[in-house]
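Commentary on secondary and tertiary structure
Residue-level listing of the chains:
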Amino acid sequence: MAHIMLTLLIGMVLGVISVASNPSPYFAALGLVLVAGVGCVVLMGHGGSFLSLVLFLIYLGGMLVVFAYCAALAAEPYPEAWGEWSVLGSVLGYLLLVVGAGSWFWGGWYEGMWVPVDELIEFSVVAADSGGVALMYSLGGGLLVVSAWVLLLTLLVVLELTRGLARGALRAV
């Protein structure tokens, strides 16, 4: 399990590097969705399955707003992709920065922090995040509904602001 978590965290770091180094918003939004997915899988591997599901749904709503905004404002006919030399140069720069920081802080890492929550308790009757589910619905249910409405309102505001003279994305409404 430690090797799977290490592989997922390396994928997460590479996804963050792809978001940070890409000048085109199309590919950066795709990298951001992939990083959110890998981050939720890491969270699920450490015992937070319900929380990772809720975060992934909220991330997808936020990414939809970000992608709609980026697609409306940055309409490039030929966007720079990950294979361009300038993008590869910044990717190599970020990789060197991550490797340098990893070698600087290497002595503080130990194997015990990669163990998921469910493997620490031998005979657990309840999953690790069951208490969080009850709190999410009892105390945080109103906040979940408000955040869903705020994301929907933000999406409609962004689409209305970027519609331009041709009435843009809301012409069917």
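Sequence positions are assigned chain by chain, starting from 1 and proceeding in written order. Only residues with pLDDT of at least 70 get local features here, since the model is predicted, and only at 80 or more are side-chain atom pairs given and counted; chain-wide, interface and lining totals rely on the full set of residues. As a convention, hydrogens and water are excluded, and side-chain values are obtained from all of the structure's heavy atoms.

**Observations concerning the UniProt feature "signal peptide" (unreviewed entry) in the protein**
With numbering aligned to this structure, UniProt lists the feature "signal peptide" (unreviewed entry) at residues 1-15. Helix and strand assignments follow DSSP, with helices taken as H or I runs no shorter than four residues and strands as E runs no shorter than two, numbered in order from the N terminus. Taken end to end, residues 1-15 has its terminal C-alpha atoms 21 Å apart, with 93% of it in helix and 0% in strand. UniProt positions are given in the numbering used here, feature names are shortened, and annotations may be inferred rather than shown by experiment.

**Examining the nonpolar core**
Grouped together as the largest cluster of nonpolar side chains are five residues: Val65, Ala68, Leu155, Val158 and Leu159. For this core, the elements supplying multiple residues, two or more each, are α3 (49-73) and α6 (141-161). Per-element accounting of this core gives the leading share, three residues, to α6. In these notes, a set of buried Ala, Val, Leu, Ile, Met, Phe, Trp, Tyr and Cys residues joined through side-chain atoms within 4.5 Å is what counts as a nonpolar core. For every residue, the accessible area obtained with a 1.4 Å probe (protein chains only) is divided by the maximum for its type, and the residue is called buried under 20%, exposed over 50%, and partly exposed between those limits.

**Things to note about the packing of helix α1 (residues 2-21) against helix α2 (residues 25-45)**
The interhelical angle for the contact between α1 and α2, taken along N-to-C directions, is 155°, at an axis separation of 9 Å. By the angle between their directions, the pair α1 and α2 is classed as roughly antiparallel. Pair α1 / α2 crosses with left-handed handedness. Contacts between α1 and α2 involve Met5, Leu8, Leu9, Met12, Gly15, Val16, Ser18 and Val19 on the former and, on the latter, Ala28, Gly31, Leu32, Val35, Val38, Gly39, Val41, Val42 and Gly45. Each residue belonging to the contact of α1 with α2 can be placed in one class, and the counts come to twelve nonpolar, five polar and no charged. Axis angles are defined between N-to-C directions and span 0 to 180 degrees, where every axis is a line fitted to C-alpha atoms and, for a helix, only to the segment in contact. For classification purposes, angles smaller than 35 degrees are called roughly parallel, those larger than 145 roughly antiparallel, those between 65 and 115 roughly perpendicular, and all remaining angles oblique. Crossing handedness follows the turn of the near helix against the far one: under a right angle anticlockwise gives a left-handed crossing, and clockwise gives a right-handed one. Only heavy atoms enter the contact rule, under which two residues are in contact if any of them lie within 4.5 Å. For this scheme, ten residues count as nonpolar: Ala, Val, Leu, Ile, Met, Phe, Trp, Tyr, Cys and Pro. Four count as charged, namely Asp, Glu, Lys and Arg, and the remainder, Gly too, count as polar.

**Brief notes about the side chain of Ser18**
Here Ser18 lies in helix α1. Polar contacts involving the side chain of Ser18 include one to the main-chain carbonyl oxygen of Gly15, which spans 2.6 Å. Among all residues touching Ser18, those that are not within four sequence positions of it are Gly31 and Trp82. A 3.5 Å cut-off defines polar contacts: any pair of N or O atoms within that distance qualifies, except that in protein one atom must be a possible hydrogen donor and the other a possible acceptor, and neighbouring residues in sequence count only when both atoms are side-chain atoms.

**Looking at the confidence of the model for the protein**
pLDDT gives the predictor's per-residue confidence on a scale running from 0 to 100. Scored by pLDDT, the protein comes out at a mean of 76, with 72% of its residues at no less than 70. Per-element mean pLDDT across the protein ranges from 68 in helix α5 (residues 130-138) up to 87 in helix α4 (residues 85-104).

**Points about α2**
The span one expects for a helix is its residue count, reduced by one, times 1.5 Å. Taking 1.5 Å per residue, 21 residues should reach 30 Å; α2 reaches 30 Å between its end C-alpha atoms and fits that length. Taken as a whole, α2 has its buried residues at Pro25, Ala28, Ala29, Gly31, Val35, Ala36, Gly37, Cys40, Val42 and Gly45. Just past α2, the residue Gly47 takes up positive phi, approximately 105°.

**A few points about the packing of α1 against α4**
When two helices pack together, their arrangement is given by the angle between their axes and by how far apart the axes lie. Between α1 and α4, the least distance of the axes is 9 Å, while the angle of their chain directions is 135°. Compared by their axis directions, α1 and α4 come out oblique. Crossing of α1 against α4: the hand is right-handed. Where α1 abuts α4, its residues Val13, Leu14, Ile17, Ala20 and Ser21 lie against Val87, Ser90, Val91, Tyr94, Leu95 and Val98. When grouped by side-chain class, the residues that make up the contact of α1 with α4 number nine nonpolar, two polar and no charged.

**A look at a nonpolar patch on the surface**
Where nonpolar side chains cluster on the molecular surface, the patch consists of Val145, Trp149, Leu152 and Leu156 and spans about 410 Å² of accessible area. Within the element layout of this structure, Val145 appears in helix α6. Like-charged residues within 9 Å of one another, or nonpolar side chains (Val, Leu, Ile, Met, Phe, Trp, Tyr) within 5 Å, are grouped into patches, provided each residue has over 30% relative accessible area and no salt bridge. Here the Shrake-Rupley method, with its probe set to 1.4 Å, supplies the accessible areas, and only the displayed protein chains count as covering residues. Each reported salt bridge corresponds to a side-chain nitrogen of Lys or Arg within 4 Å of a carboxyl oxygen of Asp or Glu.

**Comments concerning the environment of Leu144**
As for its position among the elements, Leu144 is in helix α6. In this structure, the C-alpha to C-alpha distance between Leu144 and Val54, residues 90 residues apart in sequence, is 9.1 Å.

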